[in-house]
Structure formats: structure tokens, C-alpha cells
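# Observations on the model geometry
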Amino acid sequence: MRGRGVTADTAGLTGDETGRIREQRGWYFYDFACSVYSTSVVTVFLGPYLTSVAKAAADADGFVHPLGIPVRAGSVFAYSVSVSIVLAVLLMPLAGAAADRTGRKKPLLAVAAYVGAGATAGMFFLDGDRYVLGVVLLIVANASLSVSMALYNAYLPQIATPEERDAVSSRGWAFGYTSGAFVLVLNLILYTGHESFGVSESTAVRICLASAGVWWGAFTLVPLSRLRDRRVVRDAGKAGEGSVGTGWRQLMATLRDMRRHPLTLSFLLAYLIYNDGVQTVISQASIYGSEELGLDQTTLITAVLLVQILAVVGALGMGRLARTHGAKQTILASLAVWTAILGAGYFLPAGAPVWFFALAAAIGMVLGGSQALSRSLFSHLVPRGKEAEYFAAYEMSDRGLSWLGPLVFGLAYQVTGSYRDAILSLVVFFVIGFALLARVPVRRAVAEAGNPVPERI
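Overview of the structure. (Residues numbered from 1 in each chain as written. Predicted model: local features only at pLDDT ≥ 70, side-chain atom pairs only at ≥ 80, totals over all residues. Heavy atoms only, no water.)

## Some words on the overall build of the protein
Helix and strand counts for the protein stand at 17 helices and 2 strands. A globule of 457 residues ought to have a C-alpha radius of gyration of about 23 Å, and the protein, at 22 Å, matches this closely. By principal-axis analysis of the C-alpha atoms, the protein measures approximately 65 × 50 × 50 Å. Counting all 457 residues of the protein, 52% fall into the buried class. Of the contacts made within the protein by residues no fewer than 6 positions apart, 83% connect residues no fewer than 24 positions apart. When the accessible area of the protein is evaluated, it comes to approximately 19,800 Å², of which 63% is carbon and sulfur surface. Across the protein, the mean location of the 37 positive side-chain charges is 9 Å away from that of the 30 negative side-chain charges. (Helix = DSSP H or I, 4+ residues; strand = E, 2+ residues; numbered from the N terminus. Rg over C-alpha atoms; globule rule 2.2 N^0.38 Å. Buried < 20%, exposed > 50% of the residue type's maximum accessible area, 1.4 Å probe, protein only. Contact = heavy atoms within 4.5 Å. Areas by Shrake-Rupley, 256 points an atom, 1.4 Å probe, with all protein chains shown as cover. Lys, Arg positive; Asp, Glu negative; His and termini not counted. Charge placed at Lys NZ, Arg CZ, Asp CG, Glu CD.)

## Side note on the packing of helix α6 (residues 165-192) against helix α7 (residues 201-226)
α7 packs onto α6 with a crossing angle of 160° between their chain directions and a minimal axis gap of 9 Å. Classified by the interaxial angle, the pair formed by α6 and α7 is roughly antiparallel. In the packing of α6 onto α7, the handedness of the crossing is right-handed. In this structure, α6 uses Ser179, Phe182, Val183, Asn187, Leu190 and Tyr191 to contact α7, whose residues at the interface are Glu201, Ala204, Val205, Ile207, Cys208, Ser211 and Trp215. (Axes fitted to C-alpha atoms, helices over the stretch in contact; angles between N-to-C directions. Parallel < 35°, antiparallel > 145°, perpendicular 65-115°, else oblique. Left-handed = near helix turned anticlockwise from the far one by under 90°.)

Below, the structure is given as C-alpha cells:
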């Protein structure tokens, strides 16, 4: 029988410290579990495949008719993502309120994770003209991911001391990018060599989609075995706070509470803007590469893989920089790099994949770090006992309000007819985000939230 001995890296630590490290290690693995969905399913395989299934079901004019509504087959994926965002916006405040009221985030995390993983695994049955099945599974999986990430992020201020959070958050992102890259390599081996494996291209894609759900579900067992719930003790006069009402009512209550912490709200606004720019660059890069630069699908997928690999290095490297220069200054530096990336992207020559790979490498180096440090910085600004509620609002700014960037990109292309002008238009998000973040006095914001102020932040 295996005992619980003292390991080299926990020797000399107190019981509380050892327990905290154990929870942190378990926490990393949820990023490891669910990031495969974002990479293999959403970024690479599902969009083109669901579109092909919808086209197989379309009428002579190229329309499908869900619920009797005429929809172009090529728009099914985009509309499904939009619906999933609306559903997530309604569910995240509910989950956050329930978690903060009861102190039991883990059961809610388990439900969200396994509903999402189950829906993703079910994508194996997406074939022929079953586009409605694909739409339903995508909506359920995407909304479940958003809810689970809000709950997962809310653990950060509970499992890491203020001095640890930048490093812990960065390691979580690094774990996620590592799994995303590893599974994407396996998927590409199967997809490109499907004939040698004796399966059709369609079957290979369905295996890749379903395997992401199996991976998500399997590795979720690690954080569920190591994270622990903490009972919330509220004042008698506040016993009704955090009760679960409608999603929008709870969101409004959270935003009203944030008005008592205006500096926290100021950071969230800055994050909403610059992160919208980040998400739009990622979502539109493949369109820019294919339509403007004339690059083939293999080149684009290889670039995605390169981003995943280098994002691991970038997340860990920027985590180290934050120890010396503070999270705020490191994030500001990353926003300057993002601006330079867009400027360089504007001048990329067509038909030259090597330069596109160079741009992908630069994106990878700042992508994970800017997101990880934003998460850890926000964790310092959350009043104690309201972690899940505030991180639900944070996650909504990450996922639920990410429509403005694509709108600006689309309008810029519509007006100018140039994807180069469209990609350059996104600079405004990084410039405004930089200016807003630079104005936030983060040390005072941490103190006003009632949290201890780290030596460097």
C-alpha cells in the first residue's frame, strides 16, 4: 500500500502549504483537460466540418431551415457560437451566485465539465446531414466550457497566496497550451494519414472531435480529486446575498456591487477591450492568412500548432518577468508587442508562409502570458467571498462580450475591401486597452478590495 510520504519539493513545508501546493497542481490540470476542446474542436476541425454537414442538408439555394428559419449553410457555425455565448451569459451568473452562496464550486464545476465533455464526445455521431445535432452539441459544449472556466478561475485566489498568483496562473495556461499542442499533433497525424489508418477523412475528423471530449472528461478527474470546497460564512444581515435569481438579475447585482469597487471595474473594462482585440486576432488570423495571403490549410494548421507550443514558453516567461516588473507592467509591455504584431501583419507579403510563421511565433510568445497575468491580476481585485460571482463577470468579458472586435474587423473589410486594413483596425483595441490599464492604480485597487497588497504587482 502506497503511503503519503514527504517528497523533495514539499519537505519542510507546513500542512497548509503542502495542501495548497497539492490543490495548485490539481488546478493546473483543468486547463490541461479543457484546452484541447478550444484548440482541436473550435479552432481547427469543427467549423469547416459542421459547415460541410450543413451544406449537405442545404436546399438548392444553399439554405438550411432550423425551426423554419432560412439560414445560409456557411453561417451555421458562426450563429451557433453566438447562441452559445448568449446561453453562457445567462448561465455564468447563476453558477457564480450558487457557488458563492453555498461555497461548493467543485460539484458545479464537475457538472459543467462533464456536460461539455459529453457533448463534445457526442460529436462522433455528427455525419451525413445531421447539422442540427452539430448545432446543439456545439451550443451545449461551448456554454458548458464558459461556465466551467468561470468556476475554475474563481479557485485562484483561494489556492494561491498573493505572491504566488502570477506564477500559478501562468503555469495553468502553460499546462493548457501543452495539452492543446500535444493532442493537435495526434489529431493531425490521424487526419493527414487517415487512409493508412483505414478510415475515411470524415471519420478521422469525427474521431478527432470526440477524442477531445474524452480527454476533457478524463483529465477533469485530477482537479476534482484535489480541489476542495470552502464554506462561505456571511454576516447575518447579508444572508440573502448571493441567492440564485435569473442570470441577468445576478449579473446586474454583481455589476452594482462592483460600483463599490470602481478600480476593479476599471480594470475589467480595460481587460474587456484589449482582450477583445486578442480574441479577434486569433479568430480572424486564419481568414487573413487564407484570403489575403493565399496560404493553404496545412500552413494555417501548422501555424496554430506553432502558436500553441510557443504559448507555453511565453506564459512561463512572462510569469517570470512579472516577478521582477509586476503583472501590470508586464501586461502593458505585451500590449505594445500586440500592437507591433498587427503593424507587421499589415505588411506581410502574400504567398510567403515563413513570414506568417514568424508572426505566429510572436503571437504565441505573448498570447498565454497576457491572458494568464490578466487573470492573476484580477484575482487580487476580487472581494473575498465573491470569487465565483466576480469571475463569472470576468469570464463574460472574455467570452460573452467578444463581438465588438469581429464587428470592427468586418466593417473595416466591408468599407475598404482589404483584409490588411481590417487587421490593422484592431490596433485600436490594444491602444485603448493600454491607456485604460495604465490609469488603474492597482496597488490601491487591491487595498480597496480588502486584500493584502503583494510586494510587486
